[in-house]
Every structure is written in C-alpha cells, then in structure tokens.
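Residue-level structural notes
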Amino acid sequence: MDKQTFDQLGGEQTFATIARVFYEGVKADPVLHEMYPEEDLSAAEERLRMFLVQYWGGPTEYQEKRGHPRLRMRHSPFKINPNAKQHWLAAMRNAVDAANLSEADDALVWDYFERAALAMVNTFED
Ligand code: HEM
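Now for a quick tour of the structure. These numbers were taken from a predicted model, which means no experiment stands behind them. (Residues numbered from 1 in each chain as written. Predicted model: local features only at pLDDT ≥ 70, side-chain atom pairs only at ≥ 80, totals over all residues.)

At a minimum axis separation of 9 Å, helix α2 (residues 11-28) and helix α4 (residues 42-55) run at an interaxial angle of 145°. Considering the relative orientation of α2 and α4, their crossing is right-handed. For the pair formed by α2 and α4, the contact residues are Glu12, Phe15, Ala16, Ile18, Ala19, Arg20, Phe22 and Tyr23 on the first element and Ala44, Glu45, Leu48, Arg49, Leu52 and Val53 on the second. Tallied by class, residues from the contact of α2 with α4 come to ten nonpolar, no polar and four charged. (Axes fitted to C-alpha atoms, helices over the stretch in contact; angles between N-to-C directions. Helix = DSSP H or I, 4+ residues; strand = E, 2+ residues; numbered from the N terminus. Left-handed = near helix turned anticlockwise from the far one by under 90°. Contact = placed C-beta atoms within 7 Å. Nonpolar A, V, L, I, M, F, W, Y, C, P; charged D, E, K, R; others polar.)

Below, the structure written as structure tokens:
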C-alpha cells in the first residue's frame, strides 16, 4: 500500500491500537494464548504493529528489523487449524473495532485480515 492509504487509515495510531487490543484479546483467549511462545507478549505486539504499519504503506521498520515478512513460513511452527483461525479473527475483529475506522476503511482492512488469516491455516488437525 502507499503512504496515502496509510494516512487515510489514521497512520501509526491506528496500527498501534489494533496491535495493542489484539494482544489483549490473545491474553484473554486460552486457545490463542497457549500458542504464543513468549510469556511476555509485548515483543510480539511490536512485531505485529511494525508489520501492519509497513504493509499498509507506512515506515518500513519491520523490514529493517525482521527482514522479509514470509508470514506463512514464520507461522509454520504453529498448528493453525480453522478453529485457531476463528479465534484469531475474533480477537482481530475487536481490535479493528477499537480503531474506529470509517465503514469503507474498515471493510478494506477487514477483507485483508480475513484473506490473510485463511492463507495462514496450515493444518486441519486438532
Ligand atoms: C490465522 C491465525 C493466526 C495465528 C493462530 C497466528 C499466530 C501467531 C503466533 C503464535 C506468532 C508468534 C508470536 C511472536 O511473534 O512471537 C505469530 C507471529 C506473527 N503473526 Fe500471526 N497468527 C495468525 C495469523 C496472522 C495473520 C493473518 C497475520 C497478518 C495479517 C499475522 C501476523 C503475524 C506477524 C507479523 C507475526 C510476527 C512475525 C515475526 O516477525 O516473527 N498472523 N502469529
């Protein structure tokens, strides 16, 4: 995405809110929480925030710190079945709500998350 999209979506603040509220949801959801390897989720929150900022046209700090996203590969250590995907999307739905986007911007962001989450499913086992 380009800088114009980033600004239209509310810039840094939007993605800081999404990442923060998403990880509050992870902590509150046992199915998700047990998947996250680190006890302290603040570094994971930071990685998600930087990734989203970069994806939506903001600064490329993610690339500088983490390299190419390769998200499917980075998720391969985790068993992401359709149930995990549903939990992830539920936590993300709350997070996107907290960003208070316009209807059109919400639809843009939400469509992306639904497609990206589907692409991250890597098993149909429990
Ligand atoms: C479908 C369900 C998903 C599950 C269960 C899941 C789970 C996880 C877990 C357990 C981690 C490791 C946490 C950490 O960084 O230490 C992680 C990392 C990450 N996830 Fe997901 N994820 C899902 C979907 C997604 C989607 C759709 C996106 C992007 C739109 C995403 C973006 C990220 C990013 C950016 C990282 C950090 C990558 C890195 O730099 O290491 N995830 N995810």
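Below, the discussion takes up the packing of helix α7 (residues 82-98) against helix α8 (residues 103-120). Where α7 meets α8, the axes come as close as 10 Å, and the angle between the chain directions of the two elements is 160°. The pairing of α7 with α8 is recorded here as roughly antiparallel in orientation. The interaxial crossing formed by α7 with α8 has right-handed handedness. Here α7 contributes Lys85, Trp88, Leu89, Met92 and Val96 to the contact with α8, which in turn contributes Asp106, Val109, Trp110, Phe113, Glu114, Ala117, Leu118 and Met120. Of the residues contributing to the contact of α7 with α8, the split by class is ten nonpolar, no polar and three charged. (Parallel < 35°, antiparallel > 145°, perpendicular 65-115°, else oblique.)

Relative to the 26 Å expected for 18 residues at 1.5 Å per residue, α2 spans 27 Å between its end C-alpha atoms, a close match to the ideal helical length. Within the sequence span of α2, burial applies to Thr14, Phe15, Ile18, Ala19, Phe22, Tyr23, Gly25 and Val26. Angular distribution of buried residues about the axis of α2 spans 150°; they occupy a single face of the element. Summarising the geometry of α2, the exposed residues directed more than 90 degrees from the buried face are Glu12, Gln13, Lys27 and Ala28. Where α2 is buried, its residues meet α3 (30-33), α4 and α7. (Expected span 1.5 Å × (residues − 1). Buried ≥ 20, exposed ≤ 12 C-beta atoms within 10 Å, placed from the backbone. Arc of directions from axis to C-beta.)

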